[in-house]
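So the chains spell out like this:
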Amino acid sequence: MKFIDERTIKLDKPLNVLDQLVLKFVKILEKYVDYVIISGYVSLLFGRTRGTEDVDFFIKEIDLETLTKLYQDLKKNGFWCLNAESNEEVYSYLDESIAVRFAEKGKAIPNMEVKFARKRLNQDVFTDYLIVETVEGVLKISSLERQIAFKRFFLGSPKDLEDAQHVEEVFKDRINQEKIKYYKELIKKEYGKT
Amino acid sequence: MEKLNPGRNNEEARMNFVKYWAKFVRINTDQKWGKQHTAFINSMMQNANNYPFSPKTYLELKGEKHTR
C-alpha cells in the first residue's frame with residue numbers, strides 16, 4: 001500500500017469477503033449520504049489479523065425521505081436492517097442517536113453499524129478523512145491519527161490497543177504524532193477521558 | 001525478518017505478534033501479505049456462518065434496542 005497523495009492510499013491486496021461486502025454496501029450508501037468508516041475495520045483493511053462482527057460508519061444527518069430511498073435500495077440489493085423493519089422505525093433510531101445495523105438478508109453477522117455523526121468531534125471525520133483505492137472500488141476512512149487516538153485513549157480495550165498499534169506500525173513513516181496528541185486532547189475535552 | 005518475541009504474559013505475547021505481523025505488512029507487497037490475510041478473514045467469516053443468530057438474538061446479546 002502507498003500514499004499516492006496526501007489524502008489517498010492505494011491498496012493492491014486481494015480483497016476478502018468482508019471487503020467485498022463493505023464495498024457493495026458503500027456503493028449503495030454513497031448514492032444518498034456522505035459517510036466515513038471508523039474504528040476496527042480500518043485496521044482490518046490494512047491487514048490486522050482478527051475477526052469482527054461489524055463495520056462502523058458515521059453518516060451525515062439525512063431526513064426521513066432520503067433514509068427511505070436508501071433503505072429501499074439496500075433492501076432491493078439483498079440487505080435488511082436488524083433493528084427494525086419500517087422506514088419510520090429505522091429513521092427514529094438514527095434520530096435518537098442510536099446506531100442501526102444492516103446485514104445481508106437472513107444473516108446478523110457481519111453487519112454495517114450506521115450512526116449519525118452528531119458530536120463536534122465526530123462531525124470532524126468528514127474533514128480529515130482518507131480515501132482508500134482498492135482493486136474493486138473506493139472507501140472513505142477516518143484519518144490514521146484519529147483512528148489511533150480513539151482506539152488508544154477513548155476505547156482502550158486490549159483489542160483496541162492492538163488495533164492502534166497495528167495501524168501505527170504499518171504506517172510508521174507517515175503517522176504524525178503531534179496530530180495524535182491533538183486528538184487525545186480533544187477526546188479529553190469532549191469526553192473527559194484519557 | 002527477526003524472530004517473534006514470545007512475551008512474558010498473554011497480553012505481551014499478543015502485542016508482540018501484532019507488531020511482528022504489522023511489520024510484515026509494512027515491508028512486503030500488498031499481494032504477499034494480502035494473500036495470507038484474505039485466507040484468514042475469509043475463514044473467520046465462514047466460521048460466523050456457523051452461528052446463524054436471528055437479529056433479535058444478536059441484538060439482545062449485545063444489549064441493543066430493536067423492534068423486530
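Everything here concerns the structure above.
Anyway, here's the lowdown on the structure attached to this text. (Residues numbered from 1 in each chain as written. Chains lettered and ligands numbered in written order. Predicted model: local features only at pLDDT ≥ 70, side-chain atom pairs only at ≥ 80, totals over all residues. Heavy atoms only, no water.)

**Examining the overall build of chain B**
1) Next: Across its full length, chain B holds three helices and zero strands.
2) Next: Moving toward the C terminus, one meets the helices and strands of chain B in the order α-α-α.
3) Next: In terms of overall size, chain B is more extended than a compact globule, its C-alpha atoms giving a radius of gyration of 18 Å where 68 residues would be expected to give roughly 11 Å.
4) Next: Overall size of chain B, expressed as C-alpha extent along the three principal axes, is 50 × 30 × 20 Å.
5) Next: Buried positions account for 28% of the 68 residues belonging to chain B.
6) Next: A total accessible area of about 4,700 Å² is found for chain B, and carbon and sulfur atoms account for 53% of it.
7) Next: For chain B, the centre of its 12 positive side-chain charges and the centre of its 6 negative side-chain charges are spaced 4 Å apart. (Helix = DSSP H or I, 4+ residues; strand = E, 2+ residues; numbered from the N terminus. Rg over C-alpha atoms; globule rule 2.2 N^0.38 Å. Buried < 20%, exposed > 50% of the residue type's maximum accessible area, 1.4 Å probe, protein only. Areas by Shrake-Rupley, 256 points an atom, 1.4 Å probe, with all protein chains shown as cover. Lys, Arg positive; Asp, Glu negative; His and termini not counted. Charge placed at Lys NZ, Arg CZ, Asp CG, Glu CD.)

**Regarding the side chain of A:Gln165**
1) Next: Its place among the elements puts A:Gln165 in helix 7 (residues 158-170).
2) Next: Residue A:Gln165 is classed as buried on the basis of its relative accessible area of 17%.
3) Next: The contacts of A:Gln165, once residues within four sequence positions are left out, are A:Arg152, B:Met15, B:Val18 and B:Lys19. (Contact = heavy atoms within 4.5 Å.)

**Examining the pairing of strand 8 (residues 130-134) of chain A**
All names here are of chain A.
1) Next: Burial of strand 8 is one-sided: the residues Leu130, Val132 and Thr134 facing one way are buried, the residues Ile131 and Glu133 facing the other way are not.
2) Next: Pairing of strand 2 (residues 8-10) with strand 8, which is carried by three bridges, proceeds in the parallel orientation. Across the sheet, the residue bridging to Ile9 is Val132, located in strand 8.
3) Next: Sheet analysis places strand 8 next to strand 9 (residues 137-141), joined by five bridges and oriented antiparallel. Residue Val132 lies in a different strand from strand 9, and its bridge partner there is Leu139. (Pairing = 2+ DSSP bridges.)

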